[in-house]
Amino acid sequence: MLAKTKVNSTESILITAATVTAELSKVRNIAKEMSIAVMNAKAISHRAGEVALGFRPITDFIDEMAQDVMQLVIKISREAFQLSQMAIERTHLLNTEQQYRRVLENAQDAPYVDSLKPAVERIQKQYREYQEILQKNIVRLSLLLDDIQSSTKGSQVLSTTSRVEASQAGSFSSSLVVVAENLEQATDKIRAHVKSSQNKLDNVLEIIKREKL
Amino acid sequence: MKATKIFDNKYQWYVFARDPEKKEGIIDTNQYMIKTDSGTMLLDPGGIEVFASMLTAVLHYVNVDEITDLFASHQDPDIISSLGLWEEALPHAKLHTPWLWEGFIRHFGSKNISFAPIADEGGTVDLGEAHLQFIPAHYLHASGNFHVYDENARILFSGDVGAALEPEGAPMYVEDFNEHAEKMRLFHQRWMPSNRAKQDWINRVRSLDIDIMAPQHGRLFKGDDVKRFLDWFEKLDVGIAIA
Ligand SMILES: [Fe+2]
Ligand SMILES: [Fe+2]
């Protein structure tokens, strides 16, 4: 019965890791779009000349942020994959431990049965280590997601400033206002995807914490 | 799982087979163990499904940490898919297996086990008092495949050669060769691909002094039945699925 719960928790980890990866791929697409939009904005503000000067540092900032987010996505996706790998290895330990315990029960009358006990203890110790590492990795993953949140924080403030700057760009003002508005929407979407990933990680962490061998 | 001692002089050979707990539809397998004072080898230790029964049976004869060597004649799941389960208990054991299959067998487990690949021409290994020879049996049926010959015990472990498909609970030894031959026919015709490989193996094995030929499925051949098998196999046309 207990073993079944543990296998289910492996399933939860695998599903969570896959979901986080999927959410992150959406984040990456949004960041990519942002960096393309910014290239556009740069071209527009260049043509606008003097009146759009105030907009330029803003585009540089957005560009940097988009690059940061894309790099973080790559890093976090890699870690999420490692999390799945580890969950699978932990399942192997669980299966092995289950089989060995079955042997210990069935071989009670076997003269050499005790020789298996150190192996069972070794597996249980390894399982507990895995358990700890898994939890640490999930926490680390969540912290890396926080990094995405912090790097997008600036853009929330910026979207107000950029709207002000855009409105002063004369005949180019309307195109730059669109950029400013998109920036706000994109940032909100990224933050929502990240938040949902973090919630899923929190849930799976609780499931793992509840388990004992 | 039933254990039968098939040799006992300074060291022992055991065969483990006829597992009553085996699930339906899974081919019955014979697992072998050579136990000496300074090391124990499991030959074709079996699939995941028989692992628990096999280990339970083994613990009646030997401490698990006395198992120093594993041998896998080839890469089939009924031979060695249990590797990932065994290796957790055998962190220092060595697996002797055809070099050809090492990369494949690692899919079954390669965390703790160390691989001792066997070259195409075969080789030898000393296990305490037992001097074992790896006899090439390529294409019978796997393209990289070895049997194990123990000159002192005069036992040839013959992998899938000599295998028979028969109902559960069959006796351990062939009793009436002609009757038994019918249970081997399809297996050899269909699983063995090459008449040339077959003849090469027969020539090689005829030069060995064999009391018991011990296959991985079905019954063991004793005394004259070994010769009867070689004659029967020589006449049999194999690789029949080629239209
Ligand atoms: Fe086979
Ligand atoms: Fe087989």
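Residues numbered from 1 in each chain as written. Chains lettered and ligands numbered in written order. Predicted model: local features only at pLDDT ≥ 70, side-chain atom pairs only at ≥ 80, totals over all residues. Heavy atoms only, no water.

Draft legend 1. Expanded view of the overall build of chain B. Each helix and strand in chain B was counted, giving seven helices and 13 strands. Dimensions of chain B, computed from the C-alpha atoms along their principal axes, are close to 45 × 35 × 35 Å. Here chain B holds 243 residues, and 60% of them are scored as buried. Total accessible area computed for chain B in this model is approximately 9900 Å², and 48% of it derives from carbon and sulfur atoms. In chain B, which carries 23 positive and 37 negative side-chain charges, the distance between the mean positions of the two groups comes to 4 Å. (Helix = DSSP H or I, 4+ residues; strand = E, 2+ residues; numbered from the N terminus. Buried < 20%, exposed > 50% of the residue type's maximum accessible area, 1.4 Å probe, protein only. Areas by Shrake-Rupley, 256 points an atom, 1.4 Å probe, with all protein chains shown as cover. Lys, Arg positive; Asp, Glu negative; His and termini not counted. Charge placed at Lys NZ, Arg CZ, Asp CG, Glu CD.)

Draft legend 2. Fine view of the coordination of the iron ion (ligand 1). Residue and element names in this part refer to chain B. Surrounding the iron ion (ligand 1) are the protein donor atoms His74 (NE2), Asp76 (OD), His141 (NE2) and Asp160 (OD), which sit 2.1 to 2.2 Å from the metal. Taken together, the four donor atoms coordinating the iron ion (ligand 1) and their angles of 85 to 171° define a geometry best described as irregular. Along the chain, the residues that donate to the iron ion (ligand 1) are spaced as H-x1-D-x64-H-x18-D. Metal-to-metal, the separation of the iron ion (ligand 1) and the iron ion (ligand 2) is 3.5 Å; Asp160 coordinates the two. Residue His74 shares its accessibility class with Asp76, and that shared class is buried. (Donors = N, O, S within 2.8 Å, 3.2 Å for Na, K, Ca; no water. Tetrahedral: all angles 85-135°; square planar, octahedral: opposite > 155°, others 65-115°.)

Draft legend 3. Fine view of the interface of chain A and chain B. The partner chain B presents 21 residues to the 20 residues of chain A that form the contact. In total, about 1700 Å² of surface goes out of reach between chain A and chain B, with carbon and sulfur atoms giving 59% of it. Linking chain A with chain B are one salt bridge, by the criterion used here. Run the count over chain A and chain B and you get eight residue pairs in polar contact (both at pLDDT 80 or more). Secondary-structure elements contributing two or more residues to the side of chain A that touches chain B are helix H2 (56–106) and helix H3 (117–167) of chain A. (Contact = heavy atoms within 4.5 Å. Buried area = accessible area lost by both parts, 1.4 Å probe. Salt bridge = Lys/Arg side-chain N within 4 Å of Asp/Glu carboxyl O. Polar contact = N/O pair within 3.5 Å; in protein donor to acceptor, adjacent residues only side chain to side chain.)

Draft legend 4. The arrangement of the coordination of the iron ion (ligand 2) in detail. Residues and elements named next belong to chain B. Coordination of the iron ion (ligand 2) by the protein is provided by Asp78 (OD), Asp160 (OD), Gln216 (OE1) and His217 (NE2), with metal-donor distances spanning 2.2 to 2.3 Å. Between the four donor atoms coordinating the iron ion (ligand 2), the angles at the centre fall across 79 to 169°, so the site counts as irregular. Sequence spacing of the donor residues for the iron ion (ligand 2), all on one chain, is D-x81-D-x55-Q-H. Judged by relative accessible area, Asp160 falls into the buried class, the value being 2%.

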